[in-house]
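# Examination of the molecular architecture
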Amino acid sequence: MSDSNNTSDFTNPSTFILLGIPGLEAAHVWISIPFCAMYAIAILGNFTILYIVKMEPSLHGSMYYFLCMLAVTDLVLSTSTLPKMLSIFWFNSREINFSACLTQMYFIHCFTVVESGIFVAMAFDRYVAICDPLRHSSTLTNCIMAKISIAVVLRGGILIIPKPFLARQWPYCRTNIIAHSYCEHMAVVKLACADIHISSYYGLFVAFNVASLDLFFITVSYIQILRAIFSLPTKDARLKTFRTCSSHLCVISASYIPSLFSFLTHRFGQNVSLHFHVLMGNVYLLVPPMLNPIIYGVRTKQIRDSLLRLFTHQWA
């Protein structure tokens, strides 16, 4: 039988081997300390946001419902990667089942797209609240919010389905060692001994279309918001109104900047060291879930006041 037939008859490996952070294996235990701390803060912070919004009737509005969606998304993103990553760092447990690897890949990329869609929904909410406040409650009804939420989740789910589906089709006859700490899409398909251009091009298509469209809608919303803010008569009114958007802008920056940097360096940064790229890939999955509840908790008066009342009640 020829080599080409051997390749075509190849069965996908039952497991992949994750290396963690290649080149920094000796420092894995030390790296795990800040990673574990970030995960603990993310879990505590996001569950706190969910609990406060659920228990405080004054927070039962569109902005806080979208914030709850963001908290759930952050919990999924961090939980889909961190437990396995820590098992690599602490116990050298590097094996991951082939199907589990593709499932992890799907959840990471799906909920990254979902998170981007939530940012657009939150920008639209701020636009209506500031530019047309009298119609805010009638525009963003529970029914409309439910439809927006379903559309955001379905977009992420449908757009990402081809990634693991295509990855499953390729023959992996070279190696099953992934030079990463989780099953990132391109890190997996680059192991295939086949023409993977369709996977690469589809990944680029999804990334650039999602990022460009979402950033376009967010930018348009904030141009209108800034026009409305600068038309206010006093400086105090302008500052007070702008503060209602500042949390959202901080969260967008914390999420998009490391995500785009990691994506671009993976495809075009041939001169970037592998361990730096993998670290950046971890940063964009760990730092935003940790920072988002902190940013909203510190900069949103209603959440801050609700949190203070909760602690006051607990210790009274």
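For the structure, check the block above.
Summary of the structure given here. Every chain is numbered independently, its residues counted from 1 as its sequence is written. In keeping with the predicted nature of the model, local features appear solely for residues at pLDDT of at least 70, side-chain atom pairs appear and are counted solely at 80 or more, and the whole-chain, interface and lining totals rest on all residues. Water and hydrogen atoms were dropped before computing side-chain values, which therefore reflect all heavy atoms in the structure.

## Brief notes about the overall build of the protein chain
The number of helices and strands found in the protein chain is 13 helices and three strands. Relative accessibility thresholds used throughout: buried, under 20% of the residue-type maximum; exposed, over 50%; partly exposed, between the two (1.4 Å probe, protein chains only). A total of 316 residues make up the protein chain; the buried ones form 48% of that total. Across the protein chain, every contact between residues at least 6 apart in sequence was considered, and the portion connecting residues at least 24 apart equals 79%. For the protein chain, the accessible area works out to roughly 15,800 Å², and carbon and sulfur atoms hold 69% of it. Labels follow the DSSP assignment, with helices taken as runs of H or I lasting at least four residues and strands as runs of E lasting at least two, numbered in each case from the N terminus. Any two residues having at least one pair of non-hydrogen atoms within 4.5 Å are treated as being in contact. Only the protein chains shown count as covering a residue, and every accessible area follows the Shrake-Rupley method with a 1.4 Å probe.

## Digging into unusual backbone geometry
Of note in this structure, N92 is not a glycine but carries a positive phi near 55°. Residue position: N92 is located in the loop between α4 (82-91) and β2 (95-97).

## A short note on empty space enclosed by the protein
Using a grid of 1 Å spacing that covers the protein atoms alone, one calls a set of points a cavity when a 1.4 Å probe fits there but cannot get out, and a pocket when the set is open and has protein on both sides within 12 Å along at least five of seven lines; lining residues are those with an atom within 4 Å of a point. Grid points are joined across faces, edges and corners, and a volume is the space filled by probe spheres set on the points. Counting across every chain of the model gives three cavities of 30 Å³ or more. The calculated volume of the second largest cavity comes to roughly 50 Å³. Lining the second largest cavity, in full, are M63, M122, D125, R126, T244, H248 and Y296. Per-element accounting of the lining of the second largest cavity gives the leading share, three residues, to helix α5 (residues 98-131).

## With respect to a nonpolar patch on the surface
A patch consists of residues exposed above 30% relative accessible area that lack any salt bridge, with like charges linked at up to 9 Å and nonpolar side chains (Val, Leu, Ile, Met, Phe, Trp, Tyr) linked at up to 5 Å. Salt bridges are counted wherever a side-chain nitrogen of Lys or Arg sits within 4 Å of a carboxyl oxygen of Asp or Glu. Taken together, the side chains of L213, F216, F217 and V220 make up a nonpolar region of the molecular surface, amounting to roughly 370 Å² of accessible area. In this fold, L213 is placed in helix α10 (residues 197-230).

## A few points about the sheet that holds β2
Any two strands with at least two DSSP-identified bridges between them are counted as paired. Within the open sheet, the three strands sit side by side as β2-β1-β3. Their pairing is mixed. Looking at strand neighbours, the two that pair on one side only are β2 and β3 (177-178), the edges of this open sheet.

## Observations regarding the state of the cysteines
Throughout, disulfides are identified as pairs of cysteine sulfur atoms within 2.5 Å of each other. Evaluated as defined, the whole model comprises two disulfides. C101 shares a disulfide with C183; S-S distance 2.0 Å. With the S-S bond torsion at -120°, the cross-link from C101 to C183 turns out left-handed. Here the residue C101 occupies a position in helix α5, and C183 occupies one in the loop between β3 and α9 (185-189), the gap between them amounting to 82 residues. Assigned by exposure class, C101 and C183 land together as buried. Residue pairing for C173: its cysteine sulfur links by disulfide to C193, the two sulfurs lying 1.8 Å apart. Within this pair, whereas C173 is found in the loop between α8 (162-169) and β3, its partner C193 is found in the loop between α9 and α10, the two being separated by 20 residues in sequence. With a relative accessible area of 34%, C173 lands in the partly exposed category.

Honestly, that's just the spatial picture; any functional story needs more than this.
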